[in-house]
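Single-letter residue listing:
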Amino acid sequence: MDSIFFLAVIFLSGLIFARILGKVKFPDVTGYLIGGMIIGPYILGIVPNDAVSGMEIISQVALSFIAFSVGSEMNFNDIKEIGVKILIVTIFEALGALIFVTLAMLLIFRTDLAFAITIGSIASATAPAATLMVIRQYEANGGLVDVLIPVVALDDAICIMAFGVCSSIATTLMSGADLNFATMIFEPVKEIVLALILGFVSGIIYILLSKKLRNDTETLTLTLAMIFILTSASIKWGLSSLLTLIMTGIVISNMGNVDRRYQELISTITPPIFIAFFVLSGADLDLPGVKEAGLIGVGYIIFRVLGKYIGAMISTKMTGFSKEVQQNLGLTLVPQAGVAIGLSLIATRIIPAPHGAMIRTIILSATIVYELVGPIIAKIALKRAGCIKGKV
(Lines give C-alpha, C1' and ligand atoms only; values in the text may rest on other atoms or scores of the structure.)
Protein backbone atom coordinates (compact mmCIF):
# COMPACT_ATOMS: atom_id res chain seq x y z
CA MET A 1 0.00 0.00 0.00
CA ASP A 2 2.87 2.41 0.81
CA SER A 3 4.33 1.87 -2.65
CA ILE A 4 1.07 3.00 -4.25
CA PHE A 5 1.06 6.12 -2.06
CA PHE A 6 4.69 6.89 -2.93
CA LEU A 7 3.93 6.48 -6.61
CA ALA A 8 1.07 8.97 -6.33
CA VAL A 9 3.37 11.44 -4.56
CA ILE A 10 5.99 10.99 -7.30
CA PHE A 11 3.52 11.72 -10.10
CA LEU A 12 2.02 14.76 -8.34
CA SER A 13 5.35 16.28 -7.35
CA GLY A 14 6.58 15.94 -10.93
CA LEU A 15 3.53 17.76 -12.28
CA ILE A 16 3.57 20.47 -9.61
CA PHE A 17 7.27 21.35 -9.79
CA ALA A 18 7.35 21.23 -13.60
CA ARG A 19 4.46 23.71 -13.62
CA ILE A 20 6.13 25.98 -11.02
CA LEU A 21 9.51 26.08 -12.79
CA GLY A 22 7.76 26.37 -16.14
CA LYS A 23 6.66 29.85 -15.01
CA VAL A 24 10.29 30.91 -15.26
CA LYS A 25 10.84 29.08 -18.56
CA PHE A 26 12.80 26.08 -17.26
CA PRO A 27 12.38 22.70 -19.00
CA ASP A 28 9.95 20.21 -17.46
CA VAL A 29 12.78 17.77 -16.74
CA THR A 30 14.35 20.33 -14.38
CA GLY A 31 11.08 20.51 -12.46
CA TYR A 32 10.89 16.72 -12.24
CA LEU A 33 14.45 16.44 -10.89
CA ILE A 34 14.07 19.24 -8.35
CA GLY A 35 10.67 17.87 -7.29
CA GLY A 36 12.31 14.50 -6.67
CA MET A 37 15.11 16.11 -4.64
CA ILE A 38 12.59 17.92 -2.44
CA ILE A 39 10.34 14.92 -1.70
CA GLY A 40 13.34 12.59 -1.46
CA PRO A 41 15.16 11.31 1.62
CA TYR A 42 17.53 14.26 2.06
CA ILE A 43 15.09 17.19 2.25
CA LEU A 44 11.43 16.46 3.13
CA GLY A 45 11.86 12.69 3.37
CA ILE A 46 8.37 11.95 2.04
CA VAL A 47 9.80 9.21 -0.19
CA PRO A 48 12.51 7.35 1.78
CA ASN A 49 15.59 5.61 0.40
CA ASP A 50 14.10 2.12 0.52
CA ALA A 51 11.05 3.29 -1.45
CA VAL A 52 13.30 4.82 -4.14
CA SER A 53 15.31 1.59 -4.36
CA GLY A 54 12.13 -0.49 -4.46
CA MET A 55 10.92 1.32 -7.58
CA GLU A 56 13.99 0.55 -9.68
CA ILE A 57 11.79 -1.36 -12.13
CA ILE A 58 10.29 1.97 -13.23
CA SER A 59 13.76 3.23 -14.16
CA GLN A 60 14.54 0.03 -16.05
CA VAL A 61 11.27 0.21 -17.98
CA ALA A 62 11.88 3.89 -18.81
CA LEU A 63 15.37 3.07 -20.07
CA SER A 64 14.00 0.32 -22.27
CA PHE A 65 11.44 2.66 -23.82
CA ILE A 66 14.12 5.33 -24.40
CA ALA A 67 16.43 2.88 -26.22
CA PHE A 68 13.61 1.43 -28.34
CA SER A 69 12.37 4.91 -29.26
CA VAL A 70 15.88 6.07 -30.23
CA GLY A 71 16.24 3.07 -32.56
CA SER A 72 12.77 3.55 -34.00
CA GLU A 73 13.54 7.18 -34.88
CA MET A 74 16.62 6.20 -36.93
CA ASN A 75 15.06 6.05 -40.36
CA PHE A 76 17.76 5.33 -42.94
CA ASN A 77 15.94 7.24 -45.67
CA ASP A 78 15.97 10.36 -43.49
CA ILE A 79 19.64 9.87 -42.67
CA LYS A 80 20.44 9.66 -46.40
CA GLU A 81 18.66 12.95 -46.94
CA ILE A 82 20.52 14.53 -44.04
CA GLY A 83 23.80 13.53 -45.60
CA VAL A 84 27.14 12.18 -44.51
CA LYS A 85 28.28 15.60 -43.29
CA ILE A 86 25.74 15.63 -40.47
CA LEU A 87 26.76 12.13 -39.42
CA ILE A 88 30.42 13.22 -39.28
CA VAL A 89 29.53 16.25 -37.15
CA THR A 90 27.48 14.13 -34.76
CA ILE A 91 30.25 11.56 -34.31
CA PHE A 92 32.87 14.27 -33.71
CA GLU A 93 30.86 16.24 -31.13
CA ALA A 94 29.84 13.07 -29.28
CA LEU A 95 33.32 11.55 -29.26
CA GLY A 96 34.81 14.96 -28.45
CA ALA A 97 32.96 14.94 -25.13
CA LEU A 98 33.89 11.30 -24.52
CA ILE A 99 37.60 11.90 -25.15
CA PHE A 100 37.86 15.17 -23.20
CA VAL A 101 36.06 13.85 -20.12
CA THR A 102 37.92 10.51 -20.17
CA LEU A 103 41.33 12.18 -20.44
CA ALA A 104 40.43 14.72 -17.74
CA MET A 105 39.41 11.92 -15.38
CA LEU A 106 42.63 9.98 -16.04
CA LEU A 107 45.19 12.78 -16.22
CA ILE A 108 43.82 15.47 -13.90
CA PHE A 109 41.67 13.61 -11.36
CA ARG A 110 43.66 10.33 -11.44
CA THR A 111 40.62 8.04 -11.51
CA ASP A 112 40.88 4.45 -12.70
CA LEU A 113 40.30 3.57 -16.35
CA ALA A 114 36.92 1.84 -15.83
CA PHE A 115 35.50 4.93 -14.10
CA ALA A 116 36.97 7.29 -16.71
CA ILE A 117 35.69 5.55 -19.85
CA THR A 118 32.25 4.91 -18.32
CA ILE A 119 31.59 8.51 -17.32
CA GLY A 120 33.29 9.67 -20.54
CA SER A 121 30.85 7.69 -22.68
CA ILE A 122 27.89 9.14 -20.76
CA ALA A 123 29.27 12.63 -21.47
CA SER A 124 28.58 12.15 -25.19
CA ALA A 125 24.78 12.30 -24.65
CA THR A 126 22.81 15.45 -25.42
CA ALA A 127 19.22 16.21 -24.41
CA PRO A 128 17.39 17.65 -27.43
CA ALA A 129 14.23 18.70 -25.59
CA ALA A 130 15.59 21.86 -23.94
CA THR A 131 17.27 23.15 -27.09
CA LEU A 132 14.28 22.34 -29.31
CA MET A 133 12.07 24.17 -26.80
CA VAL A 134 14.15 27.31 -27.32
CA ILE A 135 13.90 26.92 -31.10
CA ARG A 136 10.10 26.69 -30.90
CA GLN A 137 9.74 29.47 -28.34
CA TYR A 138 11.66 32.03 -30.40
CA GLU A 139 10.68 30.61 -33.81
CA ALA A 140 14.35 30.24 -34.66
CA ASN A 141 15.32 29.28 -38.20
CA GLY A 142 18.40 29.35 -40.36
CA GLY A 143 21.60 27.43 -41.06
CA LEU A 144 22.40 26.58 -37.43
CA VAL A 145 18.90 25.20 -36.81
CA ASP A 146 19.08 23.11 -39.98
CA VAL A 147 22.25 21.42 -38.69
CA LEU A 148 21.28 21.27 -35.02
CA ILE A 149 18.01 19.35 -35.36
CA PRO A 150 19.41 16.26 -37.17
CA VAL A 151 22.53 16.28 -34.96
CA VAL A 152 20.54 16.03 -31.72
CA ALA A 153 18.32 13.39 -33.32
CA LEU A 154 21.34 11.13 -33.99
CA ASP A 155 23.36 12.03 -30.90
CA ASP A 156 21.69 9.73 -28.36
CA ALA A 157 22.00 6.72 -30.65
CA ILE A 158 25.75 7.26 -30.90
CA CYS A 159 25.95 7.77 -27.13
CA ILE A 160 24.15 4.50 -26.39
CA MET A 161 26.46 2.61 -28.73
CA ALA A 162 29.55 4.27 -27.22
CA PHE A 163 28.32 3.41 -23.74
CA GLY A 164 27.76 -0.19 -24.79
CA VAL A 165 31.38 -0.46 -25.93
CA CYS A 166 32.88 1.39 -22.95
CA SER A 167 30.75 -0.36 -20.33
CA SER A 168 31.73 -3.76 -21.72
CA ILE A 169 35.41 -2.81 -21.45
CA ALA A 170 34.84 -1.40 -17.95
CA THR A 171 33.12 -4.60 -16.84
CA THR A 172 36.09 -6.62 -18.09
CA LEU A 173 38.52 -4.33 -16.27
CA MET A 174 36.55 -4.49 -13.02
CA SER A 175 36.39 -8.30 -13.16
CA GLY A 176 40.10 -8.43 -12.37
CA ALA A 177 40.87 -10.54 -15.43
CA ASP A 178 44.33 -10.32 -16.95
CA LEU A 179 44.57 -7.51 -19.48
CA ASN A 180 45.19 -9.39 -22.70
CA PHE A 181 43.62 -9.30 -26.17
CA ALA A 182 40.84 -11.69 -25.21
CA THR A 183 39.70 -9.73 -22.17
CA MET A 184 40.20 -6.21 -23.53
CA ILE A 185 38.87 -6.69 -27.06
CA PHE A 186 37.26 -10.07 -27.70
CA GLU A 187 34.94 -10.26 -24.66
CA PRO A 188 33.51 -6.72 -24.99
CA VAL A 189 33.10 -7.11 -28.77
CA LYS A 190 31.39 -10.48 -28.25
CA GLU A 191 28.87 -8.94 -25.84
CA ILE A 192 28.14 -6.09 -28.23
CA VAL A 193 27.76 -8.36 -31.26
CA LEU A 194 25.46 -10.75 -29.37
CA ALA A 195 23.29 -7.84 -28.21
CA LEU A 196 23.01 -6.56 -31.78
CA ILE A 197 22.20 -10.05 -33.12
CA LEU A 198 19.51 -10.51 -30.47
CA GLY A 199 18.04 -7.13 -31.40
CA PHE A 200 18.16 -7.88 -35.13
CA VAL A 201 16.47 -11.28 -34.81
CA SER A 202 13.83 -9.85 -32.47
CA GLY A 203 13.11 -7.05 -34.92
CA ILE A 204 12.55 -9.57 -37.73
CA ILE A 205 10.26 -11.65 -35.49
CA TYR A 206 8.26 -8.54 -34.58
CA ILE A 207 7.86 -7.64 -38.27
CA LEU A 208 6.53 -11.12 -39.06
CA LEU A 209 4.13 -11.15 -36.09
CA SER A 210 2.91 -7.62 -36.79
CA LYS A 211 1.34 -8.81 -40.05
CA LYS A 212 -1.08 -10.94 -37.99
CA LEU A 213 -2.25 -8.13 -35.70
CA ARG A 214 -5.84 -6.97 -35.98
CA ASN A 215 -6.06 -3.71 -34.01
CA ASP A 216 -4.23 -1.12 -31.88
CA THR A 217 -4.69 -3.12 -28.68
CA GLU A 218 -2.86 -6.11 -30.12
CA THR A 219 -0.16 -3.88 -31.59
CA LEU A 220 0.49 -2.17 -28.26
CA THR A 221 0.43 -5.45 -26.34
CA LEU A 222 2.90 -7.14 -28.70
CA THR A 223 5.24 -4.12 -28.61
CA LEU A 224 5.25 -3.97 -24.81
CA ALA A 225 5.75 -7.72 -24.52
CA MET A 226 8.69 -7.61 -26.91
CA ILE A 227 10.37 -4.69 -25.08
CA PHE A 228 10.00 -6.39 -21.69
CA ILE A 229 11.14 -9.81 -22.94
CA LEU A 230 14.24 -8.33 -24.58
CA THR A 231 15.07 -6.31 -21.48
CA SER A 232 14.78 -9.40 -19.29
CA ALA A 233 16.73 -11.64 -21.69
CA SER A 234 19.53 -9.09 -22.09
CA ILE A 235 19.96 -8.73 -18.34
CA LYS A 236 19.85 -12.50 -17.81
CA TRP A 237 22.51 -13.13 -20.48
CA GLY A 238 24.73 -10.22 -19.43
CA LEU A 239 24.13 -8.18 -22.59
CA SER A 240 23.34 -4.49 -23.03
CA SER A 241 19.57 -4.12 -23.09
CA LEU A 242 20.07 -0.63 -24.55
CA LEU A 243 22.00 -1.90 -27.57
CA THR A 244 19.56 -4.78 -28.02
CA LEU A 245 16.52 -2.51 -28.04
CA ILE A 246 18.07 0.20 -30.18
CA MET A 247 18.88 -2.44 -32.82
CA THR A 248 15.34 -3.85 -32.58
CA GLY A 249 13.92 -0.38 -33.13
CA ILE A 250 16.21 0.22 -36.12
CA VAL A 251 15.20 -3.08 -37.77
CA ILE A 252 11.47 -2.51 -37.26
CA SER A 253 11.56 1.06 -38.55
CA ASN A 254 13.67 0.29 -41.64
CA MET A 255 12.59 -3.20 -42.77
CA GLY A 256 9.33 -4.89 -43.63
CA ASN A 257 7.15 -1.79 -44.13
CA VAL A 258 5.71 -2.00 -40.61
CA ASP A 259 2.92 0.49 -39.85
CA ARG A 260 4.56 3.12 -37.61
CA ARG A 261 1.39 3.27 -35.55
CA TYR A 262 3.25 1.31 -32.83
CA GLN A 263 5.33 4.43 -32.08
CA GLU A 264 2.22 6.55 -31.53
CA LEU A 265 0.72 3.89 -29.25
CA ILE A 266 3.90 3.65 -27.17
CA SER A 267 4.06 7.44 -26.84
CA THR A 268 0.60 7.47 -25.22
CA ILE A 269 1.79 5.48 -22.19
CA THR A 270 5.38 6.64 -21.74
CA PRO A 271 4.93 10.24 -20.43
CA PRO A 272 3.93 9.28 -16.86
CA ILE A 273 6.67 6.61 -16.83
CA PHE A 274 9.25 9.24 -17.80
CA ILE A 275 7.92 11.66 -15.18
CA ALA A 276 8.31 8.98 -12.50
CA PHE A 277 11.79 8.12 -13.84
CA PHE A 278 13.06 11.70 -13.57
CA VAL A 279 11.44 12.34 -10.18
CA LEU A 280 12.95 9.13 -8.83
CA SER A 281 16.31 10.18 -10.26
CA GLY A 282 16.06 13.47 -8.37
CA ALA A 283 15.09 11.62 -5.20
CA ASP A 284 18.05 9.28 -5.73
CA LEU A 285 20.52 12.18 -5.89
CA ASP A 286 22.90 11.77 -2.97
CA LEU A 287 22.99 15.38 -1.79
CA PRO A 288 25.77 14.77 0.79
CA GLY A 289 27.71 13.05 -2.00
CA VAL A 290 27.55 16.17 -4.19
CA LYS A 291 30.11 17.83 -1.92
CA GLU A 292 32.24 14.69 -2.01
CA ALA A 293 32.20 14.65 -5.83
CA GLY A 294 33.45 18.24 -5.64
CA LEU A 295 36.08 19.12 -8.22
CA ILE A 296 35.49 15.94 -10.24
CA GLY A 297 31.89 17.03 -10.78
CA VAL A 298 32.97 20.53 -11.79
CA GLY A 299 35.58 19.01 -14.10
CA TYR A 300 32.97 16.79 -15.74
CA ILE A 301 30.71 19.80 -16.43
CA ILE A 302 33.53 21.89 -17.91
CA PHE A 303 35.35 19.25 -19.96
CA ARG A 304 32.14 17.83 -21.44
CA VAL A 305 31.19 21.28 -22.74
CA LEU A 306 34.73 21.81 -24.09
CA GLY A 307 34.64 18.44 -25.84
CA LYS A 308 31.25 19.14 -27.41
CA TYR A 309 32.27 22.62 -28.51
CA ILE A 310 35.66 21.71 -29.97
CA GLY A 311 34.36 18.50 -31.60
CA ALA A 312 31.51 20.42 -33.22
CA MET A 313 33.77 23.29 -34.33
CA ILE A 314 36.41 21.02 -35.92
CA SER A 315 33.89 18.81 -37.71
CA THR A 316 31.76 21.68 -39.06
CA LYS A 317 34.92 23.36 -40.37
CA MET A 318 36.05 20.08 -41.98
CA THR A 319 32.68 19.57 -43.66
CA GLY A 320 32.39 23.15 -44.93
CA PHE A 321 29.58 24.62 -42.85
CA SER A 322 29.35 28.39 -42.34
CA LYS A 323 31.26 30.25 -39.63
CA GLU A 324 27.99 30.87 -37.80
CA VAL A 325 27.49 27.11 -37.49
CA GLN A 326 31.15 26.46 -36.65
CA GLN A 327 31.18 28.98 -33.79
CA ASN A 328 27.79 28.23 -32.26
CA LEU A 329 26.74 24.59 -32.78
CA GLY A 330 28.70 23.31 -29.77
CA LEU A 331 26.99 25.81 -27.48
CA THR A 332 23.55 24.47 -28.42
CA LEU A 333 24.58 20.94 -27.34
CA VAL A 334 25.06 21.73 -23.63
CA PRO A 335 21.78 20.31 -22.19
CA GLN A 336 21.89 16.73 -20.92
CA ALA A 337 19.07 14.73 -19.34
CA GLY A 338 17.17 11.50 -20.03
CA VAL A 339 19.66 9.17 -21.69
CA ALA A 340 22.55 10.34 -19.49
CA ILE A 341 20.52 9.83 -16.32
CA GLY A 342 19.52 6.36 -17.45
CA LEU A 343 23.07 5.38 -18.31
CA SER A 344 24.29 6.65 -14.94
CA LEU A 345 21.90 4.20 -13.30
CA ILE A 346 23.40 1.33 -15.28
CA ALA A 347 26.86 2.59 -14.33
CA THR A 348 26.06 2.04 -10.65
CA ARG A 349 25.63 -1.66 -11.43
CA ILE A 350 28.83 -1.89 -13.47
CA ILE A 351 31.21 0.09 -11.25
CA PRO A 352 31.40 -1.06 -7.60
CA ALA A 353 30.74 1.38 -4.74
CA PRO A 354 31.70 4.08 -4.08
CA HIS A 355 32.75 4.94 -7.66
CA GLY A 356 29.54 3.83 -9.34
CA ALA A 357 27.47 5.91 -6.93
CA MET A 358 29.77 8.87 -7.58
CA ILE A 359 29.12 8.63 -11.34
CA ARG A 360 25.40 8.71 -10.63
CA THR A 361 25.76 11.74 -8.33
CA ILE A 362 27.96 13.62 -10.81
CA ILE A 363 25.59 13.01 -13.74
CA LEU A 364 22.48 13.99 -11.79
CA SER A 365 24.13 17.14 -10.41
CA ALA A 366 25.48 18.07 -13.85
CA THR A 367 22.06 17.50 -15.41
CA ILE A 368 20.49 20.08 -13.13
CA VAL A 369 23.23 22.58 -14.00
CA TYR A 370 22.99 21.86 -17.73
CA GLU A 371 19.20 22.04 -17.79
CA LEU A 372 19.25 25.35 -15.92
CA VAL A 373 21.89 27.09 -18.03
CA GLY A 374 21.64 25.09 -21.28
CA PRO A 375 18.53 26.81 -22.69
CA ILE A 376 20.04 30.23 -21.92
CA ILE A 377 23.31 29.37 -23.70
CA ALA A 378 21.38 27.85 -26.63
CA LYS A 379 19.34 31.05 -26.96
CA ILE A 380 22.55 33.15 -27.02
CA ALA A 381 24.11 30.86 -29.64
CA LEU A 382 21.02 30.95 -31.88
CA LYS A 383 20.89 34.74 -31.54
CA ARG A 384 24.61 35.04 -32.44
CA ALA A 385 24.07 32.84 -35.49
CA GLY A 386 21.25 35.06 -36.71
CA CYS A 387 18.56 32.41 -36.23
CA ILE A 388 16.51 34.52 -33.78
CA LYS A 389 15.23 37.79 -35.15
CA GLY A 390 14.39 40.92 -33.17
CA LYS A 391 15.06 41.76 -29.52
CA VAL A 392 14.63 38.83 -27.09
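Below is a short write-up of the structure. (Residues numbered from 1 in each chain as written. Predicted model: local features only at pLDDT ≥ 70, side-chain atom pairs only at ≥ 80, totals over all residues. Heavy atoms only, no water.)

## Details of the overall build of the chain
Spelled out, the test is: The helix count covers DSSP runs of H or I at least four residues long, the strand count covers runs of E at least two residues long, and both are numbered beginning at the N terminus. For the radius of gyration, the atom set is restricted to C-alpha positions; the globular benchmark scales as 2.2 Å times the number of residues to the power 0.38. A contact between two residues is defined here by any heavy atoms of the two lying within 4.5 Å. In this tally, Lys and Arg are treated as positive and Asp and Glu as negative; His is ignored, and so are the chain termini. Note that the charge is assigned to NZ on lysines, CZ on arginines, CG on aspartates and CD on glutamates.
Along the backbone of the chain there are 17 helices and zero strands. Here the C-alpha radius of gyration of the chain, 20 Å, is about what a compact globule of 392 residues would show, namely 21 Å. Counting only C-alpha atoms, the chain reaches 55 × 50 × 50 Å along its principal axes. Long-range pairs, those at least 24 residues apart, make up 80% of the contacts in the chain between residues at least 6 apart in sequence. Of the charged side chains in the chain, 26 are positive and 25 negative, and the gap between their average positions amounts to 8 Å.

## Section: the pattern of salt bridges
Note the cut-off: Salt bridges, as used here, are contacts in which a Lys or Arg side-chain nitrogen is within 4 Å of a carboxyl oxygen on Asp or Glu. To sort residues, take the accessible area from a 1.4 Å probe on protein chains only and compare it with the maximum for the residue type: under 20% means buried, over 50% means exposed, and anything in between is partly exposed.
Under the defined criterion, the tally for this structure stands at two salt bridges. Put simply, Lys-308 and Asp-155 hold a salt bridge, and the shortest N to O gap is 3.1 Å. With Lys-308 in helix α14 (residues 287-318) and Asp-155 in helix α9 (residues 143-174), this pair connects stretches of sequence that are 153 residues apart. Judged by relative accessible area, which is 1%, Lys-308 ranks as buried. Several salt bridges converge on common partners, so that one network encompasses Glu-93, Asp-155 and Lys-308.

## Brief notes about the environment of Ser-344
What counts here: In protein, a polar contact means a hydrogen-donor-capable atom and an acceptor-capable atom, both N or O and within 3.5 Å, with residues adjacent in sequence counting only if both atoms are side-chain atoms; elsewhere, any N or O pair within 3.5 Å suffices.
The residue Ser-344 is located in helix α16 (residues 338-350) in this model. You can call Ser-344 buried: its relative accessible area is 0%. Not counting residues within four places of it along the chain, the set of residues in contact with Ser-344 comprises Ile-122, Ile-359, Arg-360 and Ile-363. Of note is the side chain of Ser-344, whose polar atom sits 2.6 Å from the backbone oxygen of Ile-341.

## Here we look at helix α2 (residues 28-39)
Worth spelling out the cut-off: Every helix has an expected span of 1.5 Å times one less than the residues it contains.
For α2, which comprises twelve residues, the first-to-last C-alpha distance of 17 Å matches the rise-based estimate of 16 Å (1.5 Å per residue) to within 8%. Of all the twelve residues making up α2, nine are buried; the element is thus mostly covered by neighbouring parts of the structure. Those residues of α2 that sit buried are Val-29, Thr-30, Gly-31, Tyr-32, Leu-33, Gly-35, Gly-36, Met-37 and Ile-39.

## Considerations on the side chain of Ser-234
Along the chain, Ser-234 falls in helix α11 (residues 216-236). Relative accessible area serves as the criterion here: at 0%, Ser-234 is assigned to the buried category. Reaching out from Ser-234, the side chain makes a polar contact with the backbone oxygen of Leu-230 at a distance of 2.8 Å. Apart from the residues lying within four places of it in its own chain, the contact partners of Ser-234 are Leu-198, Leu-239, Ser-240, Ser-241 and Thr-244.

## So, unusual backbone geometry
Positive phi, normally seen in glycine, also occurs at Arg-110, with a value near 55°. Mapped onto the elements, Arg-110 comes out in the loop between α6 (84-108) and α7 (113-123).

## Here's the deal with the nonpolar core
The test is simple: For our purposes a nonpolar core is just a set of buried Ala, Val, Leu, Ile, Met, Phe, Trp, Tyr and Cys residues, chained together by side-chain atoms within 4.5 Å.
Ile-119, Ile-122, Tyr-300, Leu-329 and Leu-382 are the most contacted members of the largest nonpolar core, which has 119 residues in total. The contact partners of Leu-329, leaving out residues within four places of it in the chain, are Val-89, Leu-144, Val-147, Leu-148, Ala-312 and Thr-316.

## Observations concerning α16
The end-to-end C-alpha separation of α16 is 19 Å, in line with the 18 Å expected for 13 residues at 1.5 Å each. With respect to burial, α16 is a largely interior element, eleven of its 13 residues being buried.

## Things to note about a nonpolar patch on the surface
Rule in force here: Patches draw on residues past 30% relative accessible area with no salt bridge. Two like charges within 9 Å are joined, as are two nonpolar side chains (Val, Leu, Ile, Met, Phe, Trp, Tyr) within 5 Å. For the area figures, the Shrake-Rupley method with a 1.4 Å probe applies, and any residue is considered shielded solely by the protein chains shown.
Taken together, Leu-87, Ile-91, Phe-92, Leu-95, Ile-99, Leu-103, Leu-107, Ile-108, Ile-314 and Met-318 make up a surface patch of nonpolar side chains, about 860 Å² in accessible area. At the level of secondary structure, the elements contributing two or more residues to the nonpolar patch comprise α6 and α14. Looking at the nonpolar patch, the element that brings in the most residues is α6, giving eight residues. Mapped onto the secondary structure, Ile-99 falls in helix α6.

## Considering the packing of aromatic side chains
For clarity, the threshold we go by: Stacked, tilted and edge-to-face are the three classes assigned to paired rings of Phe, Tyr and Trp, where Trp is represented by its six-membered ring and a pair needs centres within 6.5 Å; plane angles under 30 degrees give stacked, over 60 edge-to-face, the rest tilted. Whether a charge lies above a ring is judged from NZ of Lys or CZ of Arg, which has to be within 6 Å of the ring centre and within 35 degrees of the ring normal.
For the structure on display, the rule yields six aromatic pairs. Relative to Phe-228, the ring of Phe-65 has its centre 6.2 Å away and its plane inclined at 65°; by these criteria the two rings are edge-to-face. Separated by 163 residues along the polypeptide, Phe-65 in helix α4 (residues 56-72) and Phe-228 in helix α11 bring together distant segments of the chain. Where Phe-277 meets Phe-278, the ring centres are 5.2 Å apart and the plane angle is 50°; that geometry is what we call tilted. We classify Phe-278 as buried; its relative accessible area is 11%. These aromatic residues form a ring-pair network of at least three members: Tyr-32, Phe-277 and Phe-278. Against the face of Phe-321 rests Lys-85, its NZ or CZ located 4.7 Å from the ring centre. The aromatic ring of Tyr-370 is capped on one face by Arg-304, whose charged end is 4.5 Å from the ring centroid.

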